[in-house]
Every structure is written in structure tokens, then in C-alpha cells.
Amino acid sequence: MADSTQEATKPIGWLPLESNPEVLNPFLWKLGVPGEWGFCDVFGLDPELLAMVPRPCMALCLLFPCAKIAKERRPALRAARRDRVEADKADPDNDEARIRNEAEGGVFFLEQVEGTGNACGTVACIHAVGNAVAGQAFHVPWETPLGKYITEASKDHTPKERGNRLLAATDLHQAADDTARSGQTEGAGTDDAGDRHFVCFCERGGRLFELDGRNIGVDDEAFPVDHGPTTPASLVEDDALSLDWLQAMERQSIKSDTCELQFARRIPYACRRFSQS
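As the structure is a computational prediction, the values presented were derived from the model and not from experiment.

**Observations regarding the overall build of the chain**
Secondary structure summary: the chain contains 12 helices and 6 strands in total. Looking at the chain as a whole, 49% of its 277 residues qualify as buried. Within the chain, counting contacts between residues at least 6 apart in sequence, those at least 24 apart form 72% of the total. Of the roughly 13600 Å² of accessible surface on the chain, 51% is carried by carbon and sulfur atoms.

**Brief notes about the packing of aromatic side chains**
Under the counting rule described, the total for this entry stands at 2 aromatic pairs. The interplanar angle of 50° and the centroid separation of 5.0 Å between the aromatic rings of Trp37 and Phe138 together place this pair among those described as tilted. Placement of Trp37 in strand β1 (residues 37–41) and of Phe138 in the loop between α6 (120–134) and α7 (145–153) is noted, with a sequence separation of 101 residues between them. Against the face of Phe108 rests Arg162, its NZ or CZ located 5.9 Å from the ring centre.

**Thoughts on the packing of helix α2 (residues 21–30) against α6**
Closest axis-to-axis distance for the α2/α6 pair is 12 Å, and the angle between their directions is 60°. Comparing the axis directions of α2 and α6 gives the class oblique. The interaxial crossing formed by α2 with α6 has right-handed handedness. Here α2 contributes Leu24, Phe27 and Leu28 to the contact with α6, which in turn contributes Thr122, Cys125 and Val129. Looking at the contact of α2 with α6 residue by residue, the classes come out as 5 nonpolar, 1 polar and no charged.

**A closer look at the confidence of the model for the chain**
Predicted confidence across the chain gives a mean pLDDT of 80, with 79% of residues reaching 70 or more. Within the chain, helix α8 (residues 159–167) carries the highest mean pLDDT (97), whereas helix α12 (residues 263–266) carries the lowest (34). Overall, residues 1–10 carries pLDDT values under 50, and its contacts beyond four positions in sequence, including any with other chains, amount to 1 contact. Scored below 50 in pLDDT, residues 185–193 makes 15 contacts in the model with residues more than four places away or belonging to other chains.

Thresholds applied
Residues numbered from 1 in each chain as written. Predicted model: local features only at pLDDT ≥ 70, side-chain atom pairs only at ≥ 80, totals over all residues. Heavy atoms only, no water. Helix = DSSP H or I, 4+ residues; strand = E, 2+ residues; numbered from the N terminus. Buried < 20%, exposed > 50% of the residue type's maximum accessible area, 1.4 Å probe, protein only. Contact = heavy atoms within 4.5 Å. Areas by Shrake-Rupley, 256 points an atom, 1.4 Å probe, with all protein chains shown as cover. Phe/Tyr/Trp six-rings, centres within 6.5 Å; stacked < 30°, edge-to-face > 60°. Lys NZ or Arg CZ within 6 Å of the ring centre and 35° of its normal. Axes fitted to C-alpha atoms, helices over the stretch in contact; angles between N-to-C directions. Parallel < 35°, antiparallel > 145°, perpendicular 65-115°, else oblique. Left-handed = near helix turned anticlockwise from the far one by under 90°. Nonpolar A, V, L, I, M, F, W, Y, C, P; charged D, E, K, R; others polar. pLDDT = per-residue confidence, 0-100.

Okay, structure coming up:
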């Protein structure tokens, strides 16, 4: 028989968010993001489609079918991370390593810890907003749930600490679940994520980072993936180039019934300025 005390205190997992700007923007505005900033559709990786993304663009969030991709990709990212850390230790005076590590130190990044369930959409939104705030693109008032979380989580030393802080943020949890229930697709408001996972891409310190709170290293800590140099002006185009693994998946699975290839939904939203403030 299960311990009733443990059952009562077990965290209730977060519901998955729908990849829809009409759902996500009211969520962020309610949490304190300025109304002139928000999400918009990105319809594909071709240059003419990327040119349609309004600028400035502070981050891009990607929703993709995770089972077929993450199973192979995460171990490879973990091994590459281990090798890079070991190489940096062996050559501590390497200028490239110093630049990478300084840039990574400025990234606002949290782990999607056990107990948060399907919070990857919320985590991607927080990664987008948190790094825009860190880059001084805009300010989120401290007295709002998101502003308070970003302010306090910025003081934490590890991604796991920031993830545990999110797990305890009942006001953000409630807001996220209310938003999930307002979704427009079948299954909205349920715990069915449909084998989809959100990640975020942003620029910090002149580097392009992929932020996935489920990428866990050999040290049992989540880590951001460094895709190399970029600039705020070239973030959108450089991000598209970093998604060669996704384009390969697109080609390999074009006839697969288990992989929905709706490109407008696969690279769904960019955090950008709607209008001049």
C-alpha cells in the first residue's frame, strides 16, 4: 500500500503548453512581459521565410517530436560535452575555451527537474524571457510571478537549483496550467504532450546556445549546448544553420506516419518586438 503522506506531498506535474502565439502571448503578458514583445510564427528554414521574422529577435523556440530525435541525440550531446570539458581542463589557457565558458556563464538556464512533468513549454518560455532580460532587451517587474522567479533564480548557482525553484513556484505552475487549459488543439488541458518537446535558442556573449532542460551531463547537471559564434543580428539565420539535425530528420521521415511534418509548427515561435515602444 502506498504511503498516503508521500502521495499527498508528491508534486503534481505541469500540463503541456500549446505551441500557439494566441495562447503563449497572453500567458507571458499576464506574467509581466511587456506588451510590445511576444511570440510569432516562423514558417520554415528557407532564407525567404526567415526574412519574414520581425527583428529584433531575442530567441527562437522549437517544438519537435522528441522520441525519435532525443533518443539518439542526447547521448551524443552528453559525450561531446564531456569531451569538451576534459579538453578545456587539459588546456586551461585556450582562448576559445575561455570565450565559450565566459559566454556560457552569462546564460540564464534551468534544469527541467523531476516533478515538473510536461513543463518544457514553460521552461522554453522562461529561457527566452530570462535571457532577453539578462541581455537588457526589456524588464519584467519584480512583483510579477515571472519577474520574481527570474530575479531569485539568477542568484542560484546551478541549473538544478533554478529547476527546483521553478518546481516550488506555485503561482507560475497555476498560470501555466490555466494557459494549457485554454489551448485550441485536441487534448489541450490534458497531460498528453503528444511526444513533443520544446527547446529554446538564444544568443549570449556572442555565442548561439540551445537550451534544453532535459540535456543532462555526466555530472548529473543539465547543460546548454554551444553551437558556436553568432550575433543578435544573425541569430535567426545562425539558428537555422544549427538545425541541420532537424532537417536530416525531416528528409528521413518524410513518409513516416509517426512524425508529423508540419513545418510551421515545428519551428513555431520567435520572441521578438511586436511594435516600437
